[in-house]
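As a plain string of letters, each chain reads:
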Amino acid sequence: MPELYDVALVVDGELGRRAIQAVDEYLKEYGDTEYRAERDWPISRSQIAGLRQIAATEPSKVASFASHQQKKVEKRLEQTRREERQRELEAQIAFWKMVKGLCEGKPPRAPWSLAQECDQAMPPELREELSSPDAKPSAQERTARKQTRRLREHWQDAWRREIYPAFFGRFCVHYLYALSKRTKSTQDQE
Amino acid sequence: MSLALTPDLIHQADAFSEQQQRSAAQRLGRRLFEVFQSDKQGRVSTQVRNLQQMVISATRLADIEDFVKQQMGRGKGPCKEWRQVGDEVLEQLQGLREAANRLASHEGQRLALRLHLARTWIRDVVGAYLYAKAQKEMET
């Protein structure tokens, strides 16, 4: 198994910064400057807890979870006539799209994503070799490629298990922190 | 990979803590006492002990920042108190992050230096908290 790069180093640096930046950019576009109560937040505390838990226990499923959430809200949006509610639902859709993009976004649309970060961190010997469509690999080559693919998937799984909980942990904590600061009723509880 | 700190880097970090950070850390320690006071039995506040423990055991500065944000972002518990003092804690941690970036050029050393600075910082913070607590106890 190839050695994973130092998790503490990346999470304390670039990756952690990306997690915070994603939340801040989202709130800049879809957040209100002030909320009357937590129930007005675009994404509820329990949904954030759900996201965090999936990132910790089933990191490979975060993107499909976000996609599923997005579709559910899109269905609701189709049936909604009230403009204010439509805006709320659009903010929710944007959130889940963002989460999916953070997981598997590809350039040029997404200049950065965890999938791209994973590819970059991958040891060169595990990277996929592009072969011409006309090339006919020998049986030995096919076996070697199969073996490399298995190792690559194993490495990607291990990478996600290390990085996703840390990345989405930071992302979720920052979201709750930023929204709590903007929420009147939690301040009133004080 | 995280790199070991050189004696020179440690010396520069300690000079930074003493000359540029200590008075802010002590002010924060006094502020923590104003906000959290002592617990009901007159012992060090659980929140201050938790912060200290977090700084001592953290493997990255981000964990300490996340701990403070988590306390501030809770819907219940001591979030009220944390919201009074948390942003100042986060600002000082950011100051440590920036100092580590200035002092070291290798990312691995920066990571280790941030933790070194944070541990010196929490000693000053808790020291000032305890001093404020002792003063209050002598008054009563």
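Cut-offs and rules
- Residues numbered from 1 in each chain as written.
- Chains lettered and ligands numbered in written order.
- Predicted model: local features only at pLDDT ≥ 70, side-chain atom pairs only at ≥ 80, totals over all residues.
- Helix = DSSP H or I, 4+ residues; strand = E, 2+ residues; numbered from the N terminus.
- Rg over C-alpha atoms; globule rule 2.2 N^0.38 Å.
- Buried ≥ 20, exposed ≤ 12 C-beta atoms within 10 Å, placed from the backbone.
- Contact = placed C-beta atoms within 7 Å.
- Expected span 1.5 Å × (residues − 1).
- Arc of directions from axis to C-beta.
- Core = buried A, V, L, I, M, F, W, Y, C linked by C-beta atoms within 7 Å.
- Axes fitted to C-alpha atoms, helices over the stretch in contact; angles between N-to-C directions.
- Parallel < 35°, antiparallel > 145°, perpendicular 65-115°, else oblique.
- Left-handed = near helix turned anticlockwise from the far one by under 90°.
- Nonpolar A, V, L, I, M, F, W, Y, C, P; charged D, E, K, R; others polar.
- pLDDT = per-residue confidence, 0-100.

A.B. asks: Help me out: how do you make sense of the overall build of chain B in this one?
C.D. replies: Across its full length, chain B carries five helices and zero strands. Reading the secondary structure of chain B in the N-to-C direction produces α-α-α-α-α. By the compact-globule yardstick of 14 Å for 140 residues, chain B fits well, its C-alpha radius of gyration being 16 Å. With the C-alpha coordinates of chain B rotated into their principal frame, the extents come out at 50 × 35 × 20 Å. Across the 140 residues that make up chain B, the buried fraction comes to 39%.

A.B. asks: Would you take a moment to explain the overall build of chain A for this structure?
C.D. replies: Looking only at helices and strands, one finds eight helices and zero strands in chain A. Listed by position from the N terminus, the elements making up chain A come as α-α-α-α-α-α-α-α. Each principal axis of the C-alpha atoms in chain A carries an extent, and together these give about 70 × 40 × 25 Å. A buried classification covers 28% of the 190 residues belonging to chain A. In chain A, once contacts between residues fewer than 6 apart in sequence are set aside, the share between residues at least 24 apart is 75%.

A.B. asks: What's the story with the interface of chain B and chain A in this structure? I'm lost.
C.D. replies: Reports of interface size often rely on the accessible area that becomes lost once the parts have come together. Taken together, the contacts link 18 residues of chain B with 19 residues of chain A. The set of elements that each furnish at least two residues to the side of chain B that touches chain A consists of helix H3 (61–73), helix H4 (79–103) and helix H5 (107–139) of chain B.

A.B. asks: Just checking my understanding: could you explain helix H3 (residues 45–57) of chain A for this structure?
C.D. replies: Since one α-helical turn is 3.6 residues long, residues separated by three or four positions face the same way. All names here are of chain A. In this model, H3 (13 residues) spans 18 Å end to end at C-alpha, consistent with the 18 Å of a helix rising 1.5 Å per residue. Among all positions of H3, only Ile-48, Leu-51 and Ala-55 are buried. Angularly, the buried residues of H3 cover 60 degrees about the axis, an arc narrow enough to put them on a single face. Opposite the buried face of H3, by more than 90 degrees, sit the exposed residues Ser-46, Ala-49 and Thr-57. On its buried side, H3 packs onto helix H4 (62–78), helix H5 (83–104) and helix H7 (139–181).

A.B. asks: What am I meant to see in the nonpolar core here?
C.D. replies: Soluble, globular proteins show a tendency: their nonpolar side chains are buried together. Residues Val99(A), Phe167(A) and Ala118(B) are the most contacted members of the largest nonpolar core, which totals 75 residues. A total of 13 residues in this core trace back to one element, the largest contributor, which is H7(A).

A.B. asks: I would appreciate a short explanation of the packing of helix H6 (residues 114–121) of chain A against H7(A) in the present structure.
C.D. replies: The axes of two packed helices give the description: the angle between them and the distance between them. Residues and elements named next belong to chain A. Running from amino to carboxyl end, H6 crosses H7 at an angle of 130 degrees, the nearest separation of the two axes being 11 Å. In terms of orientation, H6 lies oblique with respect to H7. Pair H6 / H7 crosses with right-handed handedness. Of H7, the residues touching H6 (which contributes Leu-114, Cys-118 and Ala-121) are Gln-156, Trp-159, Ile-163 and Phe-167. In terms of residue class, the contact of H6 with H7 is built from six nonpolar, one polar and no charged.

A.B. asks: Mind showing me how you'd approach unusual backbone geometry here?
C.D. replies: Excluding glycine, most residues fall at negative phi; most peptide bonds, likewise, are trans. Here the residue pair Pro107(A) and Pro108(A) is connected by a cis peptide bond, since its omega of 10 degrees sits within 30 degrees of zero. Despite not being glycine, Gln37(B) shows a phi value in the positive range, around 55 degrees. In this fold, Gln37(B) is placed in the loop between helix H1 (7–36) and helix H2 (46–57). Exposure remark for Gln37(B): the 16 C-beta atoms within 10 Å place this residue in the partly exposed category.

A.B. asks: I would appreciate a short explanation of the environment of Arg17(A) in the present structure.
C.D. replies: Mapping Arg17(A) onto the fold places it in helix H2 (residues 14–30). Along the chain, Arg17(A) and Phe171(A) lie 154 residues apart, while their C-alpha atoms are 9.4 Å from each other.

A.B. asks: Explain the environment of Gln12(B) to me, please; I cannot follow it from the model alone.
C.D. replies: Residue and element names in this part refer to chain B. Mapped onto the elements of the fold, Gln-12 is located in helix H1. By the C-beta count within 10 Å, which is 17 here, Gln-12 ends up partly exposed. It is 10.0 Å that separates the C-alpha atoms of Gln-12 and Ala-99, two residues lying 87 residues apart in sequence.

A.B. asks: Explain the confidence of the model for chain B to me, please; I cannot follow it from the model alone.
C.D. replies: Note: predicted coordinates in regions of low pLDDT should not be interpreted at a detailed level. All names here are of chain B. Mean pLDDT over chain B stands at 94; residues scoring 70 or higher make up 98%. No element of chain B has a lower mean pLDDT than H5, at 95, and none a higher one than H2, at 97. Under the prediction, the complex receives an ipTM of 0.90, its pTM being 0.91.

A.B. asks: When you look at H3(B) in this model, what are you seeing that I'm missing?
C.D. replies: Its 13 residues give H3(B) an end-to-end C-alpha distance of 18 Å, which sits within 8% of 18 Å, the value for a rise of 1.5 Å per residue. Counted residue by residue, H3(B) has 12 buried out of 13 residues, so it is predominantly covered. Where H3(B) is concerned, the buried positions are Leu61(B), Ala62(B), Asp63(B), Ile64(B), Glu65(B), Asp66(B), Phe67(B), Val68(B), Lys69(B), Gln71(B), Met72(B) and Gly73(B). Of the surrounding elements, those touching the buried residues of H3(B) are helix H1 (7–12), H2 and H7 of chain A together with H2, H4 and H5 of chain B.

A.B. asks: Looking at this structure, how should I read the packing of H1(B) against H5(B)?
C.D. replies: All names here are of chain B. In contact at an axis separation of 7 Å, H1 and H5 are set at 40 degrees when each is read in the N-to-C sense. Judged by the sense of rotation from one axis to the other, the crossing of H1 with H5 is right-handed. Across the contact of H1 with H5, the residue classes tally to 15 nonpolar, eight polar and five charged.

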